[in-house]
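# Understanding the architecture of this molecule
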Amino acid sequence: MTRKLRLGAFMRPISIHTAAWRYPGANPAANFDLEAIVGYARTLERGRFDAFFMADHLAVLNMPMEALKRSATVTSFEPFTLLSALAMVTERLGLIATASTTYNEPFHVARRFASLDHISKGRAGWNLVTSGNPHEAMNFGRDEHVEHATRYQRAREFYDVVTGLWDSFADDAFLRDVENGVFFDPDRLHVLNHAGEHLKVRGPLNIARPVQGWPVVVQAGASEAGRQLAAETAEVVFGSANNLADGQRFYADVKGRMKAIGRDPDHLKILP
Ligand SMILES: Cc1cc2nc3c(=O)[nH]c(=O)nc-3n(C[C@H](O)[C@H](O)[C@H](O)COP(=O)(O)O)c2cc1C
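Cut-off values and rules
- Residues numbered from 1 in each chain as written.
- Predicted model: local features only at pLDDT ≥ 70, side-chain atom pairs only at ≥ 80, totals over all residues.
- Heavy atoms only, no water.
- Buried < 20%, exposed > 50% of the residue type's maximum accessible area, 1.4 Å probe, protein only.
- Helix = DSSP H or I, 4+ residues; strand = E, 2+ residues; numbered from the N terminus.
- Pairing = 2+ DSSP bridges.
- Right-handed = clockwise from strand over helix to strand, strands pointing away.
- Core = buried A, V, L, I, M, F, W, Y, C linked by side-chain atoms within 4.5 Å.
- Axes fitted to C-alpha atoms, helices over the stretch in contact; angles between N-to-C directions.
- Parallel < 35°, antiparallel > 145°, perpendicular 65-115°, else oblique.
- Left-handed = near helix turned anticlockwise from the far one by under 90°.
- Contact = heavy atoms within 4.5 Å.

### Details of the pairing of strand β2 (residues 51-54)
Of the two faces of β2, the one lined by Ala51 and Phe53 and the one lined by Phe52 and Met54 are each fully buried. Pairing of strand β1 (residues 8-11) with β2, which is carried by four bridges, proceeds in the parallel orientation. Within the sheet, the bridge partner assigned to Ala9 lies in β2 and is Phe52. In terms of handedness, the path from β1 via helix α1 (residues 34-46) over to β2 forms a crossover that is right-handed. Note: β2 against strand β3 (residues 94-100), four bridges, orientation parallel. Paired with Phe52 across the bridge in β3 is Leu95.

### Observations regarding the nonpolar core
In globular proteins that are soluble, nonpolar side chains generally tend to be buried together. Membership of the largest hydrophobic core comes to 42 residues, with the highest contact counts inside it found for Phe52, Leu83, Leu86, Phe113, Trp126 and Trp166. Breaking this core down by element, the ones donating at least two residues are β1, α1, β2, α3 (79-87), β3, α4 (106-119), β4 (124-129) and α5 (148-166). Residue contributions to this core peak at eight residues, all from α5. Listed in part, the nine residues of the second largest apolar core include Ala230, Ala234, Val237 and Val254.

### Things to note about the packing of α3 against α4
Each pair of packed helices gets described by two things: the angle between the helix axes and the distance between those axes. Where α3 meets α4, the axes come as close as 9 Å, and the angle between the chain directions of the two elements is 15 degrees. Comparing the axis directions of α3 and α4 gives the class roughly parallel. For the pair α3 and α4, the crossing hand works out as left-handed. Between α3, through Phe80, Leu83, Ser84 and Ala87, and α4, the contact on the second element is made entirely by Arg112, Phe113, Leu116 and Ile119.

### Remarks on unusual backbone geometry
Cis geometry marks the peptide bond from Gly203 to Pro204, where omega comes out at -5 degrees. Among the secondary structure elements, Pro204 is positioned in the loop between β8 (200-201) and β9 (216-219). Positive phi values are uncommon outside glycine, yet Lys121 reaches one of about 55 degrees. With respect to the element layout, Lys121 can be found in the loop between α4 and β4. By relative accessible area, Lys121 is classed as exposed at 70%. With a phi close to 50 degrees, Asn193 is a non-glycine residue in the positive phi region. For Asn193, the position within the fold is in the loop between β6 (182-184) and β7 (194-195).

Shown next as structure tokens:
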């Protein structure tokens, strides 16, 4: 049997390690050195990596200042701006952006990923997070973080809205019939009309259906609610277990949850 090795690079935008900028030969200014990041992306592509994964937070990390002042992860490009630029200089590398379901509106998220998927010709992925960093709340008109259970309830509904918006135009909706002056077929347009507990979105999305249909959905939840959301929505899951036994338990748990709701567990990749 041939086994396929999948490789993803965890970038933020250059590394997740807090002190990587001090490594001998590192470029300490690389966070905003676009040419350097382009070089890294091209190296990853040459090395047959499947994806450039961009973690993101909507605030500086909530660390004590003594630790924060030593960390290059304090700053980062906004993911869609950077990944759109990288899409133009790579051909096969998957481009995964993190987007919060707590401090975003689904219409914004749906159209950003749809755009990135068109720009990259079908290479976009969405790391769906509920915002681990409580300080994000303070950048969005709130004094306190939204509570964990509420974040995950909103995230589940948010996923339905985003994927529903991606389906707004059928793949064959655009007739572009120059002679008769008909650009698209209204019968091939779906208006979402979503009204749920947390979200109200009429739709349709004003972007053609993404190249992949739906961009790849990635998740890294670890709690009960996080694993359930992963089982219901994700195609790729990040595990963060510290030893093999915990990793195997996590793997069996998420795959078991998928079976329980009738999703095919073989359609999920779990990365250690
Ligand atoms: C590999 C990995 C990457 C993550 N990247 C982000 C990120 O970019 N932004 C973020 O807000 N949370 C990120 N998280 C946090 C998770 O989304 C999640 O909140 C965390 O694992 C705790 O699980 P819980 O939300 O189910 O309690 C990441 C977690 C892991 C393990």
